[in-house]
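# Structural overview
Listed below, chain by chain, are the residues.
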Amino acid sequence: MLEAAVVLVLCAWGIATIFYQFKATSDAVARWNFLSLIPKWTFFAPRPKTTDYQLLYQDRRLGADSMAEPVEISLMPKGRVAPVLRFLWNPCKRNTKAINDITGFITNYKARHRRRIARNALALEMYVPYLVMLNYVSSRARAPTADCRRRFIVRKSFGHIRRDPPVPVLESNFHRVEALS
Amino acid sequence: MSEFMEVATVARVSGLVVGAGMAISTLEFLANLRECRSDGLFSWEFWRETKWRRLPALKRLTHPLFAYPGVLTVLLARLGLIALLLVELARGGPLDPAVLTALVATQLYVNFRYPVGKDGSDQMSTIVLFMLAVIAWFPDRPVITVACVVFIAFQSLLSYLTAGVAKLVSPDWRSGDIILGVIATETYGSRFMAGLLRDHKLLRRTMNHSTIVFESLIVLVLVLPPPWNAYFLVIPLIFHAACAAMMGLNIFIFAFAATYPALLFVSNHLHEIAAMLGRSDCG
(Lines give C-alpha, C1' and ligand atoms only; values in the text may rest on other atoms or scores of the structure.)
Protein backbone atom coordinates (compact mmCIF):
# COMPACT_ATOMS: atom_id res chain seq x y z
CA MET A 1 0.00 0.00 0.00
CA LEU A 2 2.71 2.45 1.08
CA GLU A 3 4.80 1.40 -1.92
CA ALA A 4 1.95 2.10 -4.33
CA ALA A 5 1.30 5.49 -2.70
CA VAL A 6 4.95 6.54 -3.03
CA VAL A 7 5.09 5.40 -6.66
CA LEU A 8 1.86 7.29 -7.41
CA VAL A 9 3.14 10.51 -5.80
CA LEU A 10 6.40 10.26 -7.74
CA CYS A 11 4.48 9.63 -10.98
CA ALA A 12 2.31 12.71 -10.34
CA TRP A 13 5.43 14.75 -9.53
CA GLY A 14 7.09 13.55 -12.73
CA ILE A 15 4.04 14.34 -14.87
CA ALA A 16 3.77 17.82 -13.29
CA THR A 17 7.45 18.36 -14.14
CA ILE A 18 6.79 17.45 -17.78
CA PHE A 19 3.83 19.87 -17.97
CA TYR A 20 5.92 22.60 -16.33
CA GLN A 21 8.35 22.58 -19.25
CA PHE A 22 5.71 23.76 -21.76
CA LYS A 23 4.63 27.38 -22.07
CA ALA A 24 0.97 26.45 -22.48
CA THR A 25 0.77 24.50 -19.21
CA SER A 26 3.52 26.00 -17.04
CA ASP A 27 1.31 28.73 -15.50
CA ALA A 28 -1.18 26.17 -14.24
CA VAL A 29 1.59 24.15 -12.59
CA ALA A 30 3.34 27.26 -11.22
CA ARG A 31 0.25 28.06 -9.13
CA TRP A 32 0.96 24.96 -7.00
CA ASN A 33 4.73 25.24 -6.97
CA PHE A 34 5.13 27.11 -3.66
CA LEU A 35 8.35 25.44 -2.59
CA SER A 36 9.98 25.12 -6.03
CA LEU A 37 9.62 21.34 -5.89
CA ILE A 38 8.69 21.21 -9.56
CA PRO A 39 11.71 22.19 -11.64
CA LYS A 40 12.02 23.98 -14.96
CA TRP A 41 14.80 22.54 -17.09
CA THR A 42 15.01 24.77 -20.18
CA PHE A 43 18.48 26.11 -19.35
CA PHE A 44 19.59 28.93 -21.65
CA ALA A 45 16.98 27.90 -24.22
CA PRO A 46 15.26 28.57 -26.48
CA ARG A 47 16.58 32.17 -26.34
CA PRO A 48 19.53 32.56 -23.98
CA LYS A 49 20.30 35.89 -22.44
CA THR A 50 23.13 37.50 -24.36
CA THR A 51 23.08 40.82 -22.52
CA ASP A 52 23.89 42.11 -19.06
CA TYR A 53 21.84 44.42 -16.91
CA GLN A 54 23.19 47.64 -15.47
CA LEU A 55 21.45 49.22 -12.53
CA LEU A 56 21.51 53.01 -12.21
CA TYR A 57 19.81 55.77 -10.31
CA GLN A 58 19.02 59.27 -11.43
CA ASP A 59 18.16 62.31 -9.29
CA ARG A 60 15.96 65.26 -10.07
CA ARG A 61 15.55 68.37 -7.94
CA LEU A 62 12.00 69.22 -7.07
CA GLY A 63 10.80 72.00 -9.41
CA ALA A 64 13.90 71.83 -11.60
CA ASP A 65 13.64 70.96 -15.29
CA SER A 66 16.97 69.23 -15.63
CA MET A 67 18.03 65.89 -14.20
CA ALA A 68 21.39 64.75 -12.90
CA GLU A 69 23.34 62.24 -14.94
CA PRO A 70 22.45 58.62 -14.09
CA VAL A 71 24.90 56.95 -11.70
CA GLU A 72 25.64 53.23 -12.01
CA ILE A 73 25.46 50.91 -9.01
CA SER A 74 28.02 48.16 -9.34
CA LEU A 75 26.47 44.70 -9.36
CA MET A 76 29.90 43.09 -9.52
CA PRO A 77 31.55 44.34 -6.35
CA LYS A 78 35.21 45.19 -6.24
CA GLY A 79 37.29 42.23 -5.25
CA ARG A 80 35.01 40.03 -7.33
CA VAL A 81 36.26 36.46 -7.54
CA ALA A 82 38.76 35.90 -10.37
CA PRO A 83 37.24 33.95 -13.29
CA VAL A 84 39.46 30.96 -12.65
CA LEU A 85 38.25 30.68 -9.03
CA ARG A 86 34.58 30.93 -10.01
CA PHE A 87 34.94 27.21 -10.73
CA LEU A 88 34.51 26.67 -7.00
CA TRP A 89 33.38 29.91 -5.42
CA ASN A 90 30.98 32.40 -6.96
CA PRO A 91 28.67 34.10 -4.44
CA CYS A 92 28.11 37.05 -6.83
CA LYS A 93 25.96 34.97 -9.14
CA ARG A 94 23.02 35.04 -6.72
CA ASN A 95 22.85 38.84 -6.78
CA THR A 96 23.17 39.24 -10.54
CA LYS A 97 20.57 36.49 -11.06
CA ALA A 98 18.30 38.26 -8.54
CA ILE A 99 18.56 41.54 -10.48
CA ASN A 100 17.75 39.62 -13.71
CA ASP A 101 14.76 37.92 -12.05
CA ILE A 102 13.41 41.13 -10.51
CA THR A 103 13.79 43.03 -13.79
CA GLY A 104 11.95 40.20 -15.56
CA PHE A 105 9.13 40.29 -12.98
CA ILE A 106 8.68 44.05 -13.33
CA THR A 107 8.76 44.15 -17.14
CA ASN A 108 6.32 41.23 -17.38
CA TYR A 109 4.04 42.85 -14.81
CA LYS A 110 4.13 46.16 -16.71
CA ALA A 111 3.26 44.41 -19.96
CA ARG A 112 0.42 42.44 -18.37
CA HIS A 113 -1.15 45.38 -16.49
CA ARG A 114 -0.46 48.21 -18.93
CA ARG A 115 -3.96 49.71 -18.75
CA ARG A 116 -4.25 49.46 -14.99
CA ILE A 117 -0.85 51.11 -14.50
CA ALA A 118 -1.76 53.89 -16.95
CA ARG A 119 -4.88 54.64 -14.85
CA ASN A 120 -3.10 54.42 -11.51
CA ALA A 121 0.69 54.45 -11.13
CA LEU A 122 0.34 52.92 -7.66
CA ALA A 123 -0.53 49.62 -9.31
CA LEU A 124 3.13 49.40 -10.31
CA GLU A 125 4.64 51.31 -7.41
CA MET A 126 3.15 48.91 -4.87
CA TYR A 127 4.34 45.84 -6.76
CA VAL A 128 6.78 44.05 -4.44
CA PRO A 129 9.70 43.50 -6.91
CA TYR A 130 9.48 47.20 -7.83
CA LEU A 131 9.69 48.15 -4.15
CA VAL A 132 12.61 45.77 -3.61
CA MET A 133 14.54 47.37 -6.45
CA LEU A 134 13.78 50.92 -5.29
CA ASN A 135 14.74 50.05 -1.74
CA TYR A 136 17.97 48.37 -2.91
CA VAL A 137 18.96 51.32 -5.10
CA SER A 138 18.16 53.83 -2.35
CA SER A 139 20.34 52.01 0.14
CA ARG A 140 23.31 51.88 -2.21
CA ALA A 141 23.05 55.35 -3.71
CA ARG A 142 24.50 58.46 -2.09
CA ALA A 143 22.35 60.16 0.56
CA PRO A 144 19.63 62.27 -1.06
CA THR A 145 18.92 65.91 -0.29
CA ALA A 146 15.50 66.94 1.02
CA ASP A 147 14.26 68.23 -2.33
CA CYS A 148 15.61 65.26 -4.30
CA ARG A 149 13.40 62.89 -6.27
CA ARG A 150 15.03 59.68 -7.41
CA ARG A 151 14.34 56.90 -9.88
CA PHE A 152 16.05 53.68 -10.82
CA ILE A 153 16.93 52.65 -14.34
CA VAL A 154 17.82 49.20 -15.65
CA ARG A 155 19.83 49.19 -18.85
CA LYS A 156 20.79 46.36 -21.12
CA SER A 157 24.45 46.27 -22.13
CA PHE A 158 26.08 43.99 -24.65
CA GLY A 159 29.00 42.35 -22.93
CA HIS A 160 32.65 42.10 -23.87
CA ILE A 161 32.40 42.06 -27.66
CA ARG A 162 29.62 44.28 -28.98
CA ARG A 163 30.26 47.99 -28.80
CA ASP A 164 26.60 49.12 -28.93
CA PRO A 165 25.60 51.64 -26.26
CA PRO A 166 23.39 50.35 -23.41
CA VAL A 167 19.63 50.40 -23.98
CA PRO A 168 17.11 51.25 -21.22
CA VAL A 169 14.89 48.32 -20.28
CA LEU A 170 13.12 49.78 -17.31
CA GLU A 171 12.73 53.29 -15.88
CA SER A 172 10.87 53.76 -12.64
CA ASN A 173 8.88 56.83 -11.67
CA PHE A 174 10.59 59.50 -9.58
CA HIS A 175 10.15 59.01 -5.85
CA ARG A 176 10.89 60.89 -2.69
CA VAL A 177 13.52 58.91 -0.84
CA GLU A 178 14.92 59.43 2.60
CA ALA A 179 18.48 59.08 3.78
CA LEU A 180 18.97 55.94 5.84
CA SER A 181 20.19 56.65 9.33
CA MET B 1 30.51 0.29 -13.05
CA SER B 2 29.24 -2.66 -11.10
CA GLU B 3 29.45 -0.53 -7.91
CA PHE B 4 26.16 1.08 -8.85
CA MET B 5 24.15 -2.12 -8.61
CA GLU B 6 23.07 -1.41 -5.00
CA VAL B 7 20.71 1.36 -3.87
CA ALA B 8 22.82 1.92 -0.73
CA THR B 9 25.92 2.69 -2.82
CA VAL B 10 23.96 4.98 -5.13
CA ALA B 11 22.51 6.86 -2.14
CA ARG B 12 25.89 7.16 -0.42
CA VAL B 13 27.72 8.55 -3.48
CA SER B 14 24.82 10.87 -4.36
CA GLY B 15 24.70 12.11 -0.79
CA LEU B 16 28.42 12.87 -0.73
CA VAL B 17 28.32 14.75 -4.04
CA VAL B 18 25.15 16.73 -3.41
CA GLY B 19 26.33 17.46 0.13
CA ALA B 20 29.59 18.95 -1.13
CA GLY B 21 27.67 21.21 -3.53
CA MET B 22 25.24 22.27 -0.81
CA ALA B 23 28.12 23.12 1.52
CA ILE B 24 29.57 25.54 -1.05
CA SER B 25 26.13 26.90 -1.87
CA THR B 26 25.34 27.53 1.80
CA LEU B 27 28.69 29.27 2.32
CA GLU B 28 27.85 31.46 -0.68
CA PHE B 29 24.48 32.34 0.85
CA LEU B 30 26.32 33.25 4.05
CA ALA B 31 28.78 35.40 2.10
CA ASN B 32 25.77 37.27 0.67
CA LEU B 33 24.00 37.63 3.99
CA ARG B 34 24.01 41.44 3.76
CA GLU B 35 21.41 41.09 1.00
CA CYS B 36 19.01 39.50 3.51
CA ARG B 37 18.88 42.67 5.62
CA SER B 38 15.94 45.01 5.24
CA ASP B 39 17.69 47.02 2.51
CA GLY B 40 18.94 44.04 0.50
CA LEU B 41 17.80 42.18 -2.59
CA PHE B 42 16.45 39.34 -0.44
CA SER B 43 14.86 41.55 2.20
CA TRP B 44 12.19 39.46 3.93
CA GLU B 45 10.37 42.64 4.98
CA PHE B 46 9.44 43.08 1.30
CA TRP B 47 9.29 39.57 -0.14
CA ARG B 48 6.97 38.23 2.57
CA GLU B 49 4.30 40.49 1.06
CA THR B 50 4.23 38.34 -2.08
CA LYS B 51 3.50 35.28 0.02
CA TRP B 52 1.55 36.27 3.10
CA ARG B 53 0.10 39.72 2.38
CA ARG B 54 -3.31 38.68 3.70
CA LEU B 55 -1.98 36.74 6.67
CA PRO B 56 -0.64 39.33 9.14
CA ALA B 57 -0.60 36.93 12.08
CA LEU B 58 1.50 34.41 10.15
CA LYS B 59 3.82 37.19 8.99
CA ARG B 60 4.41 38.29 12.58
CA LEU B 61 4.82 34.75 13.84
CA THR B 62 7.36 33.66 11.22
CA HIS B 63 9.26 36.94 11.00
CA PRO B 64 12.07 35.91 13.40
CA LEU B 65 12.69 32.76 11.35
CA PHE B 66 12.85 34.38 7.91
CA ALA B 67 14.17 37.90 8.57
CA TYR B 68 17.76 38.77 9.41
CA PRO B 69 19.32 37.41 11.69
CA GLY B 70 16.98 34.39 11.74
CA VAL B 71 18.19 33.45 8.29
CA LEU B 72 21.76 33.40 9.60
CA THR B 73 20.77 30.88 12.27
CA VAL B 74 19.07 28.62 9.73
CA LEU B 75 22.01 28.76 7.31
CA LEU B 76 24.50 27.94 10.08
CA ALA B 77 22.32 25.04 11.21
CA ARG B 78 22.16 23.86 7.61
CA LEU B 79 25.94 23.97 7.36
CA GLY B 80 26.20 21.86 10.52
CA LEU B 81 23.73 19.30 9.14
CA ILE B 82 25.66 19.08 5.88
CA ALA B 83 28.86 18.46 7.84
CA LEU B 84 27.11 15.67 9.79
CA LEU B 85 25.84 14.10 6.55
CA LEU B 86 29.24 14.26 4.85
CA VAL B 87 31.16 12.85 7.83
CA GLU B 88 28.70 10.00 8.30
CA LEU B 89 28.70 9.07 4.61
CA ALA B 90 32.48 9.39 4.29
CA ARG B 91 32.83 6.91 7.18
CA GLY B 92 30.66 4.50 5.26
CA GLY B 93 27.65 4.90 7.53
CA PRO B 94 24.03 4.69 6.40
CA LEU B 95 21.82 7.67 5.51
CA ASP B 96 20.50 9.25 8.68
CA PRO B 97 16.76 9.94 8.23
CA ALA B 98 16.68 12.68 10.89
CA VAL B 99 19.64 14.58 9.39
CA LEU B 100 18.27 14.24 5.85
CA THR B 101 14.77 15.32 6.87
CA ALA B 102 16.21 18.38 8.60
CA LEU B 103 18.28 19.10 5.49
CA VAL B 104 15.22 18.82 3.26
CA ALA B 105 13.48 21.29 5.59
CA THR B 106 16.35 23.77 5.23
CA GLN B 107 16.36 23.28 1.45
CA LEU B 108 12.62 24.06 1.29
CA TYR B 109 13.30 27.02 3.58
CA VAL B 110 15.91 28.34 1.11
CA ASN B 111 13.54 27.74 -1.84
CA PHE B 112 10.81 29.69 -0.05
CA ARG B 113 12.98 32.36 1.56
CA TYR B 114 14.82 33.32 -1.65
CA PRO B 115 12.15 34.03 -4.29
CA VAL B 116 14.81 35.30 -6.71
CA GLY B 117 18.44 34.44 -7.45
CA LYS B 118 18.07 30.65 -7.53
CA ASP B 119 19.01 28.41 -10.44
CA GLY B 120 18.72 24.86 -11.77
CA SER B 121 21.33 23.54 -9.34
CA ASP B 122 19.02 24.43 -6.43
CA GLN B 123 16.18 22.56 -8.13
CA MET B 124 18.21 19.42 -8.73
CA SER B 125 19.70 19.51 -5.22
CA THR B 126 16.17 19.70 -3.80
CA ILE B 127 15.09 16.62 -5.75
CA VAL B 128 18.17 14.53 -4.88
CA LEU B 129 17.97 15.48 -1.23
CA PHE B 130 14.24 14.76 -1.00
CA MET B 131 14.66 11.32 -2.55
CA LEU B 132 17.63 10.50 -0.30
CA ALA B 133 15.49 11.39 2.73
CA VAL B 134 12.73 9.01 1.57
CA ILE B 135 15.31 6.27 0.99
CA ALA B 136 16.70 6.89 4.48
CA TRP B 137 13.26 6.44 6.08
CA PHE B 138 12.45 3.22 4.20
CA PRO B 139 15.77 1.45 3.57
CA ASP B 140 14.16 -2.01 3.74
CA ARG B 141 11.41 -1.36 1.22
CA PRO B 142 13.00 -2.05 -2.17
CA VAL B 143 10.09 -0.72 -4.23
CA ILE B 144 10.29 2.65 -2.48
CA THR B 145 14.07 2.95 -2.58
CA VAL B 146 14.23 1.89 -6.23
CA ALA B 147 11.36 4.25 -7.13
CA CYS B 148 13.30 7.14 -5.54
CA VAL B 149 16.47 6.27 -7.45
CA VAL B 150 14.44 5.98 -10.67
CA PHE B 151 12.87 9.37 -9.95
CA ILE B 152 16.29 11.01 -9.60
CA ALA B 153 17.36 9.40 -12.89
CA PHE B 154 14.11 10.50 -14.55
CA GLN B 155 14.58 14.14 -13.49
CA SER B 156 18.19 14.05 -14.63
CA LEU B 157 17.29 12.66 -18.06
CA LEU B 158 14.36 15.07 -18.39
CA SER B 159 16.58 18.03 -17.52
CA TYR B 160 19.15 17.28 -20.23
CA LEU B 161 16.54 16.24 -22.77
CA THR B 162 14.39 19.34 -22.22
CA ALA B 163 17.41 21.62 -22.49
CA GLY B 164 18.62 19.78 -25.60
CA VAL B 165 15.29 19.77 -27.43
CA ALA B 166 14.61 23.42 -26.50
CA LYS B 167 17.97 24.30 -28.05
CA LEU B 168 17.37 22.08 -31.06
CA VAL B 169 14.15 23.88 -31.98
CA SER B 170 15.69 27.29 -31.37
CA PRO B 171 16.98 29.09 -34.50
CA ASP B 172 19.39 31.02 -32.25
CA TRP B 173 21.04 27.82 -31.05
CA ARG B 174 20.99 26.14 -34.46
CA SER B 175 22.84 29.15 -35.91
CA GLY B 176 25.90 27.87 -34.04
CA ASP B 177 26.94 31.31 -32.81
CA ILE B 178 24.69 31.94 -29.83
CA ILE B 179 27.20 30.47 -27.40
CA LEU B 180 29.45 33.43 -28.18
CA GLY B 181 26.63 35.78 -27.14
CA VAL B 182 26.27 34.00 -23.79
CA ILE B 183 30.01 33.76 -23.07
CA ALA B 184 30.47 37.42 -24.05
CA THR B 185 28.24 38.60 -21.18
CA GLU B 186 29.80 39.81 -17.99
CA THR B 187 27.33 37.76 -15.97
CA TYR B 188 28.00 34.35 -17.54
CA GLY B 189 31.26 34.78 -19.41
CA SER B 190 34.74 36.13 -19.53
CA ARG B 191 36.59 38.51 -21.81
CA PHE B 192 39.26 35.89 -22.55
CA MET B 193 36.84 33.13 -23.58
CA ALA B 194 34.69 35.56 -25.55
CA GLY B 195 37.75 36.68 -27.52
CA LEU B 196 38.79 33.08 -28.09
CA LEU B 197 35.35 32.05 -29.37
CA ARG B 198 35.05 35.16 -31.53
CA ASP B 199 38.34 34.38 -33.26
CA HIS B 200 37.82 30.62 -33.65
CA LYS B 201 34.65 29.83 -35.50
CA LEU B 202 35.26 26.07 -35.49
CA LEU B 203 35.67 26.01 -31.71
CA ARG B 204 32.54 28.12 -31.28
CA ARG B 205 30.42 25.91 -33.53
CA THR B 206 31.81 22.73 -31.97
CA MET B 207 30.94 23.88 -28.44
CA ASN B 208 27.53 25.10 -29.55
CA HIS B 209 26.47 22.00 -31.47
CA SER B 210 28.06 19.47 -29.14
CA THR B 211 25.97 20.91 -26.29
CA ILE B 212 22.77 20.34 -28.28
CA VAL B 213 23.84 16.85 -29.39
CA PHE B 214 24.88 15.46 -26.00
CA GLU B 215 21.85 16.94 -24.20
CA SER B 216 19.44 15.54 -26.78
CA LEU B 217 21.10 12.12 -26.78
CA ILE B 218 21.39 11.73 -23.01
CA VAL B 219 18.96 8.78 -23.02
CA LEU B 220 21.75 6.74 -24.60
CA VAL B 221 23.10 6.29 -21.10
CA LEU B 222 20.22 3.93 -20.41
CA VAL B 223 20.92 1.60 -23.32
CA LEU B 224 24.71 1.57 -23.32
CA PRO B 225 26.11 -1.50 -21.54
CA PRO B 226 28.49 -1.10 -18.58
CA PRO B 227 31.13 0.31 -18.48
CA TRP B 228 30.23 2.38 -21.59
CA ASN B 229 27.29 4.01 -19.81
CA ALA B 230 29.74 5.39 -17.23
CA TYR B 231 32.17 6.55 -19.91
CA PHE B 232 29.29 8.33 -21.63
CA LEU B 233 28.60 10.36 -18.47
CA VAL B 234 32.07 11.85 -18.71
CA ILE B 235 30.64 14.10 -21.47
CA PRO B 236 28.08 15.92 -19.28
CA LEU B 237 30.65 16.01 -16.49
CA ILE B 238 33.11 17.84 -18.75
CA PHE B 239 30.26 20.09 -19.88
CA HIS B 240 29.44 21.09 -16.29
CA ALA B 241 33.11 21.59 -15.47
CA ALA B 242 33.39 23.91 -18.49
CA CYS B 243 30.22 25.78 -17.41
CA ALA B 244 31.67 26.18 -13.92
CA ALA B 245 35.00 27.47 -15.20
CA MET B 246 33.68 29.72 -17.96
CA MET B 247 30.26 30.80 -16.67
CA GLY B 248 30.68 30.60 -12.91
CA LEU B 249 27.86 28.02 -12.58
CA ASN B 250 29.83 26.19 -9.93
CA ILE B 251 27.08 24.27 -8.09
CA PHE B 252 25.64 22.62 -11.21
CA ILE B 253 28.50 20.16 -11.42
CA PHE B 254 27.71 18.85 -7.92
CA ALA B 255 23.92 18.89 -8.25
CA PHE B 256 23.92 17.07 -11.59
CA ALA B 257 26.83 14.71 -10.89
CA ALA B 258 24.85 13.61 -7.82
CA THR B 259 22.27 12.16 -10.21
CA TYR B 260 24.78 10.06 -12.19
CA PRO B 261 24.87 7.13 -9.74
CA ALA B 262 21.08 6.92 -10.17
CA LEU B 263 21.45 7.01 -13.96
CA LEU B 264 23.99 4.19 -13.83
CA PHE B 265 21.80 2.18 -11.47
CA VAL B 266 18.81 2.48 -13.79
CA SER B 267 20.96 1.71 -16.82
CA ASN B 268 22.40 -1.39 -15.12
CA HIS B 269 18.96 -2.64 -13.99
CA LEU B 270 16.62 -1.36 -16.70
CA HIS B 271 14.61 -4.54 -17.24
CA GLU B 272 14.32 -5.54 -13.58
CA ILE B 273 13.14 -2.04 -12.54
CA ALA B 274 10.39 -1.99 -15.16
CA ALA B 275 9.11 -5.34 -13.87
CA MET B 276 9.34 -4.29 -10.20
CA LEU B 277 7.53 -0.95 -10.64
CA GLY B 278 4.89 -2.71 -12.72
CA ARG B 279 4.24 -5.10 -9.83
CA SER B 280 3.87 -2.20 -7.31
CA ASP B 281 0.71 -1.04 -9.12
CA CYS B 282 -1.01 -4.08 -7.69
CA GLY B 283 -0.13 -2.97 -4.13
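Residues numbered from 1 in each chain as written. Chains lettered and ligands numbered in written order. Predicted model: local features only at pLDDT ≥ 70, side-chain atom pairs only at ≥ 80, totals over all residues. Heavy atoms only, no water.

Right, let's talk about a nonpolar patch on the surface for a bit. A surface patch of nonpolar side chains, about 340 Å² in accessible area, is lined by A:F87, A:L88, A:W89 and B:L27. Topologically, A:W89 is positioned in the loop between β2 (71-73) and α3 (92-112). A residue is classified by how much of its surface remains accessible, and A:W89, at 32% relative accessible area, is partly exposed. (Patch = residues over 30% accessible without salt bridge, like charges linked within 9 Å, V, L, I, M, F, W, Y side chains within 5 Å. Areas by Shrake-Rupley, 256 points an atom, 1.4 Å probe, with all protein chains shown as cover. Salt bridge = Lys/Arg side-chain N within 4 Å of Asp/Glu carboxyl O. Helix = DSSP H or I, 4+ residues; strand = E, 2+ residues; numbered from the N terminus. Buried < 20%, exposed > 50% of the residue type's maximum accessible area, 1.4 Å probe, protein only.)

Moving on, we come to the UniProt feature "domain: HTTM-like" (unreviewed entry) in chain B. UniProt records the feature "domain: HTTM-like" (unreviewed entry) for residues 6-268 of chain B in the present numbering. Between the end C-alpha atoms of residues 6-268 of chain B the distance is 10 Å, and the span holds 76% helix and 0% strand. (UniProt positions renumbered as here; feature names shortened; annotations may be inferred.)

For B:E28, the location among the structural elements is in helix α1 (residues 7-31). At 2.5 Å, the side chain of B:E28 and the side chain of A:K93 are in polar contact. Dropping the residues within four chain positions of it, B:E28 is found in contact with A:L88, A:W89, A:N90, A:P91, A:K93, B:N250 and B:I251. (Polar contact = N/O pair within 3.5 Å; in protein donor to acceptor, adjacent residues only side chain to side chain. Contact = heavy atoms within 4.5 Å.)

The next subject is the interface of chain A and chain B. Between chain A and chain B, the contact holds 63 residues from the first and 83 residues from the second. Taken over both partners, the interface formed by chain A and chain B buries close to 6500 Å², and the fraction arising from carbon and sulfur atoms is 65%. The three residues of chain A that bury the most area against chain B are A:W41, A:R94 and A:H160, which together make up 14% of that side's buried surface. Across the contact surface, chain A and chain B share five salt bridges. B:R141 serves as the salt-bridge partner of A:E3, at 3.3 Å between the closest nitrogen and oxygen. Joining chain A to chain B, the criterion identifies 30 residue pairs in polar contact (both at pLDDT 80 or more). Where the side of chain A that touches chain B is concerned, the elements lending two or more residues are α1 (2-20), α3 and α6 (128-140) of chain A. Looking at the side of chain A that touches chain B residue by residue, the classes come out as 37 nonpolar, 14 polar and 12 charged. (Buried area = accessible area lost by both parts, 1.4 Å probe. Nonpolar A, V, L, I, M, F, W, Y, C, P; charged D, E, K, R; others polar.)

Residues and elements named next belong to chain B. For the second largest pocket, the calculated volume is near 510 Å³. If you trace the second largest pocket, you find 25 residues lining it, with I179, T211, F214, F239 and C243 closest to the centre. Counting residues per element, the ones that place at least two in the lining of the second largest pocket are α7 (142-168), α9 (178-183), α11 (201-216), α14 (234-247) and α15 (252-257). In terms of residue count, the dominant contributor to the lining of the second largest pocket is α14 (eight residues). Among the residues forming the lining of the second largest pocket, the class breakdown is 19 nonpolar, four polar and two charged. (1 Å grid on protein atoms, 1.4 Å probe; cavity = no way out; pocket = protein on both sides within 12 Å on 5 of 7 lines; lining within 4 Å. Points joined across faces, edges and corners; volume = space filled by probe spheres on them.)

Okay, the side chain of B:D122 next. Structurally, the position occupied by B:D122 is in helix α6 (residues 120-137). Given the relative accessible area of 5%, B:D122 is considered buried. The residues touching B:D122, leaving out its near neighbours within four places in the chain, are A:R94, B:S25 and B:Q107.

In this section: the packing of helix α10 (residues 191-199) of chain B against α11(B). Residues and elements named next belong to chain B. Close contact between α10 and α11 brings their axes to 5 Å; oriented N to C, the two are set at 105°. Between α10 and α11, the interaxial angle falls into the category roughly perpendicular. On the side of α10, the interface is formed by L196, L197, R198 and D199, while α11 contributes K201, L203, R204 and M207. Of the residues contributing to the contact of α10 with α11, the split by class is four nonpolar, no polar and four charged. (Axes fitted to C-alpha atoms, helices over the stretch in contact; angles between N-to-C directions. Parallel < 35°, antiparallel > 145°, perpendicular 65-115°, else oblique.)

When cut into domains, chain A gives domain 1 (1-48) and domain 2 (52-176). Between the C-alpha centres of domain 1 of chain A and domain 2 of chain A the distance comes to 32 Å. (Domains from an automatic or database assignment.)

To continue, consider the pairing of strand β1 (residues 52-61) of chain A. A regular strand places its side chains on the two faces of the sheet in alternate fashion. Residue and element names in this part refer to chain A. Summarising burial for β1: eight of the 10 residues are buried, a large majority. When β1 meets strand β3 (residues 148-157), the two strands line up antiparallel, connected through 10 bridges. Each bridged residue has a counterpart across the sheet, and for R60 the counterpart in β3 is R149. The pairing of β1 with β2 spans three bridges and is antiparallel. Each bridged residue has a counterpart across the sheet, and for L56 the counterpart in β2 is E72. (Pairing = 2+ DSSP bridges.)

Once that is clear, we can look at the state of the cysteines. Counting across every chain of the model gives zero disulfides over all chains. Between A:C11, a cysteine without a disulfide, and B:C148, which holds the nearest cysteine sulfur, the sulfur-to-sulfur distance is 12 Å. The thiol of B:C243 is unpaired, and the distance to the nearest cysteine sulfur, on A:C92, comes to 18 Å. (Disulfide = S-S within 2.5 Å.)

A word on a positive patch on the surface. Residues and elements named next belong to chain A. Together, R114, R115, R116 and R119 line one region of the surface with positive charge. Positionally, R115 belongs in helix α4 (residues 114-119). Overall, the relative accessible area of 72% leaves R115 in the exposed class. (Lys, Arg positive; Asp, Glu negative; His and termini not counted. Charge placed at Lys NZ, Arg CZ, Asp CG, Glu CD.)

Bringing the packing of α1(B) against helix α4 (residues 70-90) of chain B into the picture now. Residues and elements named next belong to chain B. Put simply, α1 and α4 touch, their axes get as near as 9 Å, and they point 155° apart. Here α1 is positioned roughly antiparallel relative to α4, judged by the angle of their axes. The handedness of the crossing between α1 and α4 is left-handed. Of α4, the residues touching α1 (which contributes R12, G15, L16, G19, A20, M22, A23, T26, L27, F29 and L30) are L72, L75, L76, R78, L79, I82, L85, L86, L89 and A90. (Left-handed = near helix turned anticlockwise from the far one by under 90°.)

This part takes up the pattern of salt bridges. Within the structure shown, the criterion is met by 17 salt bridges over all chains. A salt bridge links A:R142 to A:D59, with the nearest nitrogen and oxygen atoms 3.7 Å apart. Of this pair, A:R142 sits in the loop between α6 and β3 while A:D59 is found in strand β1, placing the two residues 83 residues apart along the sequence. A salt bridge links A:R140 to B:E35; the shortest N-O distance between them is 3.1 Å. Here B:E35 lies in the loop between α1 and α2 (44-52) and A:R140 lies in helix α6, a pairing that spans two chains. A relative accessible area of 7% means that B:E35 is categorised as buried. Sharing partners across several salt bridges, the network here consists of A:D59, A:R142 and A:R150.

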